[in-house]
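Residue-level structural notes
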Number of protein chains: 2
Amino acid sequence: MAQAGRRPGQTETREKILDAARRRFAEQGYDGATVRAIAADAGVNAALLHHFFGTKQQLFAASMNLPVDPGELVPHILDGPEDEIGERLVRAFLSLWEAPDGRAPFLAMIRSATTNDQVATMMRQFLERAVLARLAEARGIPKVRVAGVAAQMIGFALLRYVIGLPPLVTASEDEVVAMLAPVARYYLTDGVHRPDTRRG
Amino acid sequence: MAQAGRRPGQTETREKILDAARRRFAEQGYDGATVRAIAADAGVNAALLHHFFGTKQQLFAASMNLPVDPGELVPHILDGPEDEIGERLVRAFLSLWEAPDGRAPFLAMIRSATTNDQVATMMRQFLERAVLARLAEARGIPKVRVAGVAAQMIGFALLRYVIGLPPLVTASEDEVVAMLAPVARYYLTDGVHRPDTRRG
């Protein structure tokens, strides 16, 4: 059952790189760990690492077994009609969690982050670089606004997938979107405006 | 340094009750554990337990070392001008977390809930009974709306106090209220209306 198109030594090399990445990210955080140091630990050059895994962000996602680099969702969130940006964000977030094999690694990261300071640091820095900074810059809004929507979405994931709060567990994807999209839109739209519940 | 107004045996009795409560809540969940069974475990009658700790909800808060029963905040959230309900909810939530000695037990509960199914069950049932059901009934809104604001607030606490995401860590209480109160108001106000970000 060897993977197609890979020479025998490649799988081993990839695993060595992923092991080195997990260690460096845990010990030095996402910011502190360099691709060069990870490559050196694994006994490969940085170009080969890049060939296998792409950017540092993509390497991080692979090392955490994430099905997709959350940062890759940013362009999809930004691209489309302005008044649907909230819905695109919520659907992108759900696509991570509802995907087959998607949930376990995210659950593992949340569980570790709440109990281990090293993982918390790593997760915080990754969230800042991969998501917060990029969304804030692209939208021209303060990072705290993106942090607000991150809080909404992570709290939702915690209650739906970890704690299992019934009304959130049983809500359909469309019901979740209907409820959370206006909140996401509020955060990502000019922070000066105050959302209200009057009809438009 | 004996506590004023307590006979020597009272402290011991209180501790026995709290120990019994922690065991029962962990083993049977918040719903399954009865005050009668906890009293029996501690070798006291239910009336004495009630005299020391009040309701089951208050006993739970005491057994988790919570500085205050979160359910006690519900009347404060409900009581006041309608258009300030979001601000009252956010300030009540912050008062729990920003109080001296307040943060540690909540952090402990979140950490345990993400890694231990028994604690997750206990926390879920407590959240449902003490907060969700009461707020939903008093406001005449579906429980899922209260779950939405709970997700926002718990996610905020996770990122501000556990993960330490910079823009949320450095935000002042007033900045937090300015950002989160409109979201809380959206959830607690008629769920049929769609919030928007246009000026009122």
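The structure presented is a predicted model; accordingly, all values stated were derived computationally and were not measured. Here the residue numbering is sequential within each chain, running from 1 through the sequence in written order. Here chains are named by letter from A upward and ligands by number from 1 upward, in the order in which they appear as written. Residue-level local features of this predicted model are given only where pLDDT is at least 70; pairs of side-chain atoms are given and counted only at 80 or more, and the full residue set underlies all totals for whole chains, interfaces and linings. Water and hydrogen atoms were dropped before computing side-chain values, which therefore reflect all heavy atoms in the structure.

1. Quick word on the overall build of chain A
By the criteria applied, helices consist of DSSP H or I runs no shorter than four residues and strands consist of E runs no shorter than two, each listed in order from the N terminus. Secondary structure assignment for chain A yields 11 helices and zero strands. Reading the secondary structure of chain A in the N-to-C direction produces α-α-α-α-α-α-α-α-α-α-α. In chain A, the share of contacts with a sequence separation of at least 24, taken over all contacts with a separation of at least 6, comes to 64%. The criterion used for residue contact is that any of the two residues' heavy atoms lie within 4.5 Å.

2. Some remarks on the relation of the copies chain B and chain A
Overlaid copies result from least-squares superposition on C-alpha atoms, with residues included only where pLDDT is at least 70 in both. Rotating chain B by 180° and moving it 0.0 Å along the rotation axis overlays it on chain A with an RMSD of 0.0 Å. Between the two chains, the operation in question is that of a two-fold axis. A symmetric contact is evident, with 98% of the interface residues of chain B recurring at the interface of chain A.

3. Describing the UniProt feature "DNA-binding region" (unreviewed entry) in chain A
UniProt positions are given in the numbering used here, feature names are shortened, and annotations may be inferred rather than shown by experiment. UniProt records the feature "DNA-binding region" (unreviewed entry) at residues 34-53 of chain A, using the numbering of this structure. Regarding residues 34-53 of chain A, the helix share stands at 80% and the strand share at 0%, and the terminal C-alpha atoms are separated by 14 Å.

4. Looking at the nonpolar core
What is meant by a nonpolar core is a set of buried Ala, Val, Leu, Ile, Met, Phe, Trp, Tyr and Cys residues, joined one to another through side-chain atoms within 4.5 Å. For each residue, the accessible area found with a 1.4 Å probe, counting protein chains only, is set against the maximum for its type, and the residue is called buried under 20%, exposed over 50%, and partly exposed in between. Membership of the largest hydrophobic core comes to 148 residues, with the highest contact counts inside it found for V90(A) and V90(B). Each residue touching V90(B), except ones within four places of it in the same chain, is listed here: M153(B), V176(B), V177(B), L180(B), A181(B) and A184(B).

5. A short note on the environment of G43(B)
As for its placement among the helices and strands, G43(B) is situated in the loop between α2 (35-42) and α3 (46-53). On a C-alpha basis, the gap between G43(B) and T13(B) in space is 8.7 Å, while along the polypeptide they are 30 residues apart.

6. Some thoughts on the interface of chain B and chain A
Counting from both sides, the interface comprises 49 residues of chain B and, opposite them, 48 residues of chain A. Computed with a 1.4 Å rolling probe, the buried area is the accessible surface lost when two parts are put together, summed over both parts. For the pair chain B and chain A, the summed buried surface comes to about 4600 Å²; carbon and sulfur atoms form 65% of the total. For salt bridges, the criterion is a side-chain nitrogen of Lys or Arg within 4 Å of an Asp or Glu carboxyl oxygen. Seen at the junction of chain B and chain A, the total is zero salt bridges. Residues adjacent in sequence count toward polar contacts only when both atoms are side-chain atoms; beyond that, a polar contact is any pair of N or O atoms within 3.5 Å, and within protein one must be able to donate a hydrogen and the other to accept it. The tally of links from chain B across to chain A stands at nine residue pairs in polar contact (both at pLDDT 80 or more). Of all the secondary structure elements, the ones that give two or more residues to the side of chain B that touches chain A are α7 (103-115), α8 (117-139), α9 (143-163), α10 (166-169) and α11 (173-188) of chain B. Lys, Arg, Asp and Glu make up the charged group, whereas Ala, Val, Leu, Ile, Met, Phe, Trp, Tyr, Cys and Pro make up the nonpolar group; the residues left over, Gly among them, are polar. Of the residues assigned to the side of chain B that touches chain A, the class counts are 28 nonpolar, 10 polar and 11 charged.

7. Examining the pattern of salt bridges
Pairing between side chains of opposite charge can happen when the charged atoms of each approach one another. Counted under the stated rule, the structure contains 18 salt bridges over all chains. With a closest N to O distance of 3.0 Å, D19(A) and R22(A) form a salt bridge. Pair noted here: D19(A) and R22(A) are both in helix α1 (residues 8-32), with a separation of three residues, about one helical turn. Among the residues examined, D19(A) registers a relative accessible area of 37% and is labelled partly exposed. On the basis of relative accessible area, R22(A) is assigned to the partly exposed category, the value being 27%. Put simply, D31(B) and R129(B) hold a salt bridge, and the shortest N to O gap is 2.7 Å. In this pair, D31(B) is assigned in helix α1 (residues 8-32) and R129(B) in helix α8, connecting sequence segments 98 residues apart. The partly exposed category is assigned to D31(B), whose relative accessible area is 30%. A relative accessible area of 37% places R129(B) in the partly exposed class.

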